[in-house]
Amino acid sequence: MNPATFLRVLGPEPWNVCYAEPSIRPDDSRYGDNPNRVQRHTQFQVILKPDPGNAQELYLGSLEALGIDTSAHDVRFVEDNWESPVLGAWGLGWEVWLDGMEVTQFTYFQQAGGKVLDAPAVEITYGLERILMSLQGVKHFKDIRYCEGVTYGELFLQNEYEMSCYNLDEADVADQRQRFALCEAEARRMLEKRLPVPAYDMLLKCSHAFNVLDARGAVGVTERADCFARMRALAREVTGLWMARREELGHPLGTVSSSTDEDAAPAAAAAGKAAAAAAAGPSSPELFVLEVGSEELPPDDVLAGMAQLRERLPALLAKLRLSHAGVKVHGTPRRLTALVRDLAPAQTAQESKVRGPPAKAAFDASGAPTKALQGFCKKAGADIRSVTVEADAKGVEYCFVVVNDAGRSAVEVLSAELPALVGSLSFKKSMRWNAFGAAYSRPLRWLLALHGDTPLAFTYGGLCAGDATRVLRNAAQPELQVPSASAYLSLLQQQGIQLDFEARKAAIWQGAAAAAAEVGGIIPASASGDLLDEVANLVESPTVIRGGFDPAFLELPEDVLVMVMRKHQRYFPVFSADGKLLPAFITVANGPVDPTAVAAGNEAVLRARFEDAAFFYREDLKQQLADFRPKLKGTLFQKDLGTIFDKSVRVEALCPALAAAMGFAAAADTAVAAAALCKADLATYTVTEMTALAGTMGRHYAQVQGLPEDVSTAIFEAVLPRQAGDILPASPAGIVVAVADRLDSLVGLVAAVGAPSATADPYGLRRAAYGMLQALVSNNVSLSLRSAVALAAAQQPLPVRGQQQEAVVDFVSRRLEQLLVDSGVSAEAVRAVLAERGDNPALAASTASQLQAALDAGDSGPLRAIMTALSRPTRIVRGKTVDVSVSVNPALFENAEEKQLHAAYQAVAQQLQGSSSSSSSSSSGSLDVAGWLAAVQALVAPIDAFFEKVFVMCEDEKVRANRLALLRDVAGVTKGFVDLSQLPGY
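All of these numbers come straight from a predicted model, not from anything done at the bench. (Residues numbered from 1 in each chain as written. Predicted model: local features only at pLDDT ≥ 70, side-chain atom pairs only at ≥ 80, totals over all residues. Heavy atoms only, no water.)

Right, let's get into the environment of tyrosine 31. Summarising the element assignment, tyrosine 31 is placed in the loop between β1 (15-24) and β2 (40-49). When neighbours within four sequence positions are excluded, tyrosine 31 is seen to be in contact with Glu160, Tyr161, Ser164, Cys165, Leu168, Asp169 and Phe615. Side-chain polar atoms of tyrosine 31 contact the side chain of aspartate 169, separated by 2.8 Å. (Helix = DSSP H or I, 4+ residues; strand = E, 2+ residues; numbered from the N terminus. Contact = heavy atoms within 4.5 Å. Polar contact = N/O pair within 3.5 Å; in protein donor to acceptor, adjacent residues only side chain to side chain.)

As structure tokens, then:
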């Protein structure tokens with residue numbers, strides 16, 4: 001990063017500059033083959049410090065000045081949060097897409113060199129080659145007309161090819177490491193000389209040497225972390241020294257003004273307007289509209305903001321005693337809107353009884369009111385003659401007055417409370433953009449608040465609310481006055497803005513389906529979930545566009561093509577009715593555009609994306625999948641547990657014993673073969689670029705290379721499930737490898753760093769445990785958790801003590817409890833089952849489901865009667881010392897009822913024997929709930945008869961002990977099956 005950016009955004013001095021510079025990215029080397037990805041490109045850098053308040057509008061104006069018709073092309077701001085761990089710098093912003101192609105990086109810097117910026121700066125980085133490609137209508141960077149008669153390729157293609165060869169193939173690794181060390185040493189020497197600019201220059205050279213090493217594939221995880229730490233430390237020292245030097249020079253460029261000087265005028269104006277509005281507010285219930293306008297919110301933040309407003313605005317209205325007929329919340333990328341129907345013109349009158357000082361302090365000896373009472377009455381607005389004296393629950397007498405609050409106007413109370421409501425909206429990542437210190441997902445640019453036709457003039461973040469809204473930026477009039485709240489929705493609709501999220505989704509889905517049908521295709525239902533949600537919150541005026549691509553690209557794996565379209569471009573892929581991918585896609589532009597121009601632009605972008613994917617794919621096919629596995633030695637899993645390669649070796653070693661424990665001994669060899677390769681695709685070019693394809697590409701490369709289909713399938717299934725709602729492993733070998741991989745992570749990481757805390761789970765162990773349990777439960781695979789944990793512990797490179805193994809079991813058991821509750825089983829039923837069968841997740845799941853059905857049957861089923869009967873012997877023996885070594889002696893029975901209960905128990909015990917073990921080798925061999933109920937039901941009548949005729953706690957010690965032993969055994973029929981004491985009504 002140029003020092004004119006990195007250093008100048010620091011400190012309080014204003015800085016507004018623009019400059020062109022070459023940018024070198026060795027990792028983007030493509031030998032000149034990719035249409036729009038090069039290792040050396042030219043960028044035009046703009047820094048605006050402080051934020052002028054209209055940076056996006058200035059930027060769009062610059063595109064118009066360059067010759068881009070923003071009313072014809074689709075220009076969108078798509079979330080892209082920039083971060084440089086090396087420089088300790090980050091910011092929030094967007095990629096700017098021009099017909100689907102990223103042409104600019106737009107960022108509000110928040111931190112640099114580990115230091116929070118005094119005045120956040122706007123950085124706008126134009127990608128000149130890509131903008132020129134759009135302006136000139138060419139499809140490859142080499143075809144750009146550089147000047148009359150000379151193309152960009154004729155000037156720079158040789159440079160691009162040769163530097164790609166250097167970056168990817170020829171750069172000497174040892175030499176680059178030496179360059180890094182030399183530049184680092186020189187940077188430190190410059191710091192000692194108090195010369196921050198040359199020190200930073202050396203830091204940039206360190207960074208370039210590292211980037212070349214990275215492009216050569218020579219940087220392992222440990223070395224990467226070490227290099228990052230060294231460069232980050234240099235960056236912190238450079239920035240500290242730079243700021244100190246500028247302060248010593250007296251900040252020659254001046255300082256950015258603080259908000260203190262700027263707050264007074266808007267606040268005073270707002271106060272005056274609020275007072276006038278309160279006097280002229282509605283006299284009857286009217287629609288109220290609140291609109292919080294901003295620069296483009298990330299899609300997830302639109303949903304988060306809507307959810308918060310739905311919860312907080314009704315609560316605020318209730319607190320303010322403002323009646324209404326309902327609240328409706330909407331959101332688009334540029335606005336969060338709340339509409340309140342029939343909002344009352346004023347607060348509901350309220351009469352309240354207010355307690356004052358104790359009576360003994362309220363009156364003097366003569367009975368006259370004291371200053372304490374007078375002050376209380378003045379504050380309450382009550383006459384002293386209205387004071388009453390009453391005693392509280394403890395008999396202490398206090399003074400009370402009845403206060404009648406007629407209420408203030410809705411305009412007045414809302415104007416006072418709305419700033420706090422807007423300020424309470426929070427997001428995963430928030431930012432500052434001006435000197436007022438307000439934080440929001442992206443910069444706030446306008447606030448609208450109308451009650452009927454009355455504007456509410458409150459201030460927040462340097463903005464004064466009013467009656468103006470903003471519509472599409474390329475509209476003839478981008479800012480419009482709203483005459484009244486009732487006109488708000490129709491005004492936006494007239495401007496083509498679809499405010500309702502669900503309606504926007506429906507319009508997009510209907511339009512996409514219709515466009516796909518034009519080429520005989522369909523949009524799969526799977527696209528109607530997260531992708532549709534995201535697309536609907538990237539636009540507020542959807543325009544559906546259909547494009548196509550060269551059918552030759554269909555030779556690439558379908559998963560790769562779909563991933564590129566959905567993940568990278570937010571396109572809807574088009575399929576034939578029989579499920580085959582067609583060479584077409586659907587994109588959604590924002591607002592009215594030239595469909596032909598936008599389609600052509602998106603087609604060019606997709607062509608470049610596919611060319612990149614083809615490059616990676618071809619490189620991967622040059623090697624066998626097994627050849628990638630050794631490269632995992634350079635990727636650290638965890639410092640005490642070794643590399644990803646080490647992890648794959650442990651998983652491979654764990655599979656035979658685990659397969660036997662699961663009853664899948666016949667699949668052990670397949671599982672071992674798959675385990676050896678299930679992580680190998682992490683080192684491929686394709687998965688490095690598109691990490692979500694891990695497992696998918698492993699299966700594909702295994703199939704291409706002719707490995708057995710069951711091995712290929714297990715390689716893929718090892719990563720399942722990848723997220724909530726994903727498919728689960730189904731083949732025996734796939735289940736074994738998926739469970740083994742997650743067991744290794746759980747046991748190893750708990751031993752190395754401990755179980756996750758309530759707020760932090762950096763290694764995703766909750767997800768790992770949940771996925772492992774889903775694989776076992778969905779396939780009804782019996783496995784003892786304790787035994788499996790012990791097997792995994794034996795493979796770890798560090799000792800795993802018994803206490804740590806128990807911690808793993810406990811952690812997984814809590815996830816199992818959540819899994820079963822999520823499936824619809826009551827928490828009580830889940831706990832009852834886990835107490836006895838929790839060591840076998842599949843058995844516990846089936847038992848819990850059946851137990852819930854038995855509970856739901858109520859009195860019409862046998863469970864209630866059995867619970868009532870068994871609760872009696874349980875209560876008798878609970879809390880008493882019953883010697884477990886004492887066996888029931890029939891010779892000591894004195895009553896027929898004792899003999900009958902003993903005989904019934906023996907018969908039941910024989911049926912249950914061997915059927916309730918939580919670690920049974922096969923869950924199908926374990927007694928189900930219906931079988932258990934049928935067996936135990938035979939005890940109900942003998943138990944009832946026993947307690948009718950037999951006195952347990954008799955004087956004869958031997959007889960008493962014998963009866964307690966009998967009841968102990970009878971109560972124990974639940975052991976290994978269910979703990980009935982956890983159930984309600986037991």
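There is more to say after this.
The strand order across the open sheet formed by 3 strands is β23-β25-β24, and the pairing between neighbours is antiparallel. Each having just a single partner strand, β23 (542-548) and β24 (572-575) make up the two edges of the open sheet. When strand polarity is set aside, the average angle formed by the axes of neighbouring strands in this sheet is 30 degrees. Relative to strand β25 (residues 581-590), β24 runs antiparallel, the two sharing 3 bridges. (Pairing = 2+ DSSP bridges. Axes fitted to C-alpha atoms, helices over the stretch in contact; angles between N-to-C directions.)

Our focus in this paragraph is the pairing of strand β6 (residues 101-112). Of all 12 residues in β6, 11 are buried; the element is thus mostly enclosed. Looking at chain direction, strand β5 (residues 89-98) and β6 are connected through 9 bridges and run antiparallel. Looking across to β6, one finds that glutamate 95 is bridged to glutamine 105. Pairing of β6 with strand β8 (residues 122-127), which is carried by 5 bridges, proceeds in the antiparallel orientation. Each bridged residue has a counterpart across the sheet, and for threonine 104 the counterpart in β8 is tyrosine 126. For β6 and strand β7 (residues 115-116), the ladder comprises 2 bridges, and the chain directions are antiparallel. Of the residues in β7, the one forming a bridge with alanine 112 is lysine 115. The antiparallel hairpin formed by β6 and β7 contains 2 residues in its connecting segment, where glycine 113 sits at a positive phi of about 60 degrees. (Buried < 20%, exposed > 50% of the residue type's maximum accessible area, 1.4 Å probe, protein only.)

Bringing helix α24 (residues 732-753) into the picture now. Taking 1.5 Å of rise per residue, 22 residues should cover 32 Å, and α24 covers 31 Å from first to last C-alpha, within 8% of that figure. Most of α24 is tucked away, with 19 of its 22 residues classed as buried. (Expected span 1.5 Å × (residues − 1).)

Let us look at the side chain of glutamate 13. Examined against the element boundaries, glutamate 13 turns out to sit in the loop between α1 (3-6) and β1. Classification of glutamate 13 by relative accessible area gives buried; the value is 6%.

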